Amino acid sequence: QESSRWSLLRLNTFGHNVPCIDGAQQSVDGFAKFTKIVDGPEPSAEIDLSSLYPAARKVTRTCTLGKNRRAFYVHDVFEGLKPGAEVRWQFIFKADADVEGDRLALAERGRMLGVYRKGTAPTPWQVEPVEGPKPLNSPNPGFSRAFFTLAADADGRAVVDVAFALVETDVVIYGSSPAALTAAIEARRHGKTAVIVCPETRIGGLTTGGLGQTDIG
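Model, not experiment: these values are computed from the prediction.

Undergrad: Can you help me understand the pairing of strand β4 (residues 58-65) in this one?
TA: Remark: a regular strand shows side chains that alternate across the two faces of the sheet. Note: strand β3 (residues 44-48) against β4, five bridges, orientation antiparallel. Paired with isoleucine 47 across the strands is arginine 61, a residue of β4. Bridging between β4 and strand β5 (residues 71-79) involves eight bridges; their strand directions are antiparallel. Its bridge partner being in β5, valine 59 is matched across the sheet by phenylalanine 78. Linking β4 to β5, which pair antiparallel, is a turn of five residues; within it arginine 69 sits at a positive phi near 60°.

Okay, structure coming up:
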């Protein structure tokens, strides 16, 4: 696991939707095992990832599909860590992203996905482009990586819950100007649901932001 192959983003741990502990790669000698599978209205699977993480005594991941098939839940438990060890939870995507507190909103081609997270004192969501050092790594245009970190508690335990839920709406409006707000209001008047997606921390444009330098000279 010391070869240059592990420096390639598309082949190493950091290029996949898996957690990392203290910045280390998953062990190449490890093997993930399904330990429990539940069928029914909300099917789920439990996976033992312990052998992939030498820094932990036990790591389990449980994935559950919501009964309406519009939500997907991930529950990760890390045990036997060094107190204060950093767990980085990440996934890669291709969409427009907007961080709203504990929620990460993803939008592409008129569809929206809300990603919600909670855990052992997690840090805020962060989003960064996915592009490894050249010349061997692919440029991955349009792809990004979302992640947050959390620290193991005094007992060496860390717990993460992440929910991926489709946002049902008739109209998606990009922008935060008065025109965008007017469009959302008009959509509601016609009996449609509307969602406004914007990168700003406040909406309304100059109407709520006040005068700018170009207005006062």
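Undergrad: Sorry if this is basic, but what is going on with the side chain of arginine 88 here?
TA: Looking at the secondary structure, you find arginine 88 in strand β6 (residues 86-93). Polar side-chain contacts of arginine 88 include one of 3.0 Å to the side chain of glutamate 128. Setting aside chain neighbours within four positions, we find arginine 88 in contact with Val18, Pro19, Cys20, Glu128, Arg145, Phe147, Phe148 and Thr149.

Undergrad: Explain the sheet that holds strand β12 (residues 158-167) here, please?
TA: Within a sheet, each strand pairs with its neighbour through backbone hydrogen bonds, oriented either parallel or antiparallel. Reading across from one edge, β2-β3-β4-β5-β12-β9-β8-β7 is the order of the eight strands in this open sheet, with antiparallel pairing throughout. One side of each edge strand has no neighbouring strand; the edge strands of this open sheet are β2 (33-38) and β7 (96-100). Strand-to-strand, the axes of this sheet are offset by a mean angle of 15°, without reference to chain direction. Inspection of the sheet shows strand β8 (residues 103-108) paired to strand β9 (residues 111-119) by six bridges, in the antiparallel sense. The residue bridging leucine 106 from the neighbouring strand is leucine 113, located in β9.

Undergrad: Sorry, what's going on with the confidence of the model for the protein here?
TA: Caution is warranted with low-pLDDT regions, since their predicted coordinates should not be read in detail. Confidence along the protein averages 86 in pLDDT terms, with 90% of residues attaining 70 or more. Per-element averaging of pLDDT across the protein places helix α3 (residues 213-216) at the bottom with 58 and β3 at the top with 97.

Undergrad: Mind showing me how you'd approach the pattern of salt bridges here?
TA: Two side chains of opposite charge can pair, provided their charged atoms sit close to one another. By the definition in use, this model includes seven salt bridges. With a closest N to O distance of 2.7 Å, arginine 61 and aspartate 76 form a salt bridge. Taken together, the residues span a long stretch of sequence, with arginine 61 in strand β4 and aspartate 76 in strand β5 at a distance of 15 residues. Per residue, the accessibility class of arginine 61 equals that of aspartate 76, and both read buried. Ionic pairing is found between arginine 189 and glutamate 186, a salt bridge with its closest N-O pair at 3.6 Å. Of this pair, arginine 189 and glutamate 186 both sit in helix α1 (residues 178-189), three residues apart, which is roughly one turn of the helix. Taking relative accessible area as the criterion, arginine 189 reaches 66% and is therefore assigned exposed.

Undergrad: Got a minute to help me understand the pairing of β8 in this structure?
TA: Counting buried residues along β8, five of its six residues qualify, which places the element largely inside the surrounding structure. Counting the residues between successive antiparallel strands, the hairpin from β7 to β8 contains two residues, one of them, glycine 101, with a positive phi of roughly 65°. Between the end of β8 and the start of β9, which pair antiparallel, lie two residues, with arginine 109 showing a positive phi angle near 50°.

Undergrad: Please explain the nonpolar core as it appears in this structure.
TA: Counting residues in hydrophobic clusters, the biggest one holds 29 residues, and the most contacted among them are Tyr53, Phe78, Leu81, Trp89, Phe91 and Val115. Among the elements of the structure, β4, β5, β6, β8, β11 (144-151) and β12 are those that each provide at least two residues to this core. Those residues in contact with phenylalanine 78 that lie beyond four places of it in its chain are Pro19, Ile21, Lys58, Val59, Val87, Gly156, Arg157, Ala158 and Val160.

Criteria and thresholds
- Residues numbered from 1 in each chain as written.
- Predicted model: local features only at pLDDT ≥ 70, side-chain atom pairs only at ≥ 80, totals over all residues.
- Heavy atoms only, no water.
- Pairing = 2+ DSSP bridges.
- Helix = DSSP H or I, 4+ residues; strand = E, 2+ residues; numbered from the N terminus.
- Polar contact = N/O pair within 3.5 Å; in protein donor to acceptor, adjacent residues only side chain to side chain.
- Contact = heavy atoms within 4.5 Å.
- Axes fitted to C-alpha atoms, helices over the stretch in contact; angles between N-to-C directions.
- pLDDT = per-residue confidence, 0-100.
- Salt bridge = Lys/Arg side-chain N within 4 Å of Asp/Glu carboxyl O.
- Buried < 20%, exposed > 50% of the residue type's maximum accessible area, 1.4 Å probe, protein only.
- Core = buried A, V, L, I, M, F, W, Y, C linked by side-chain atoms within 4.5 Å.

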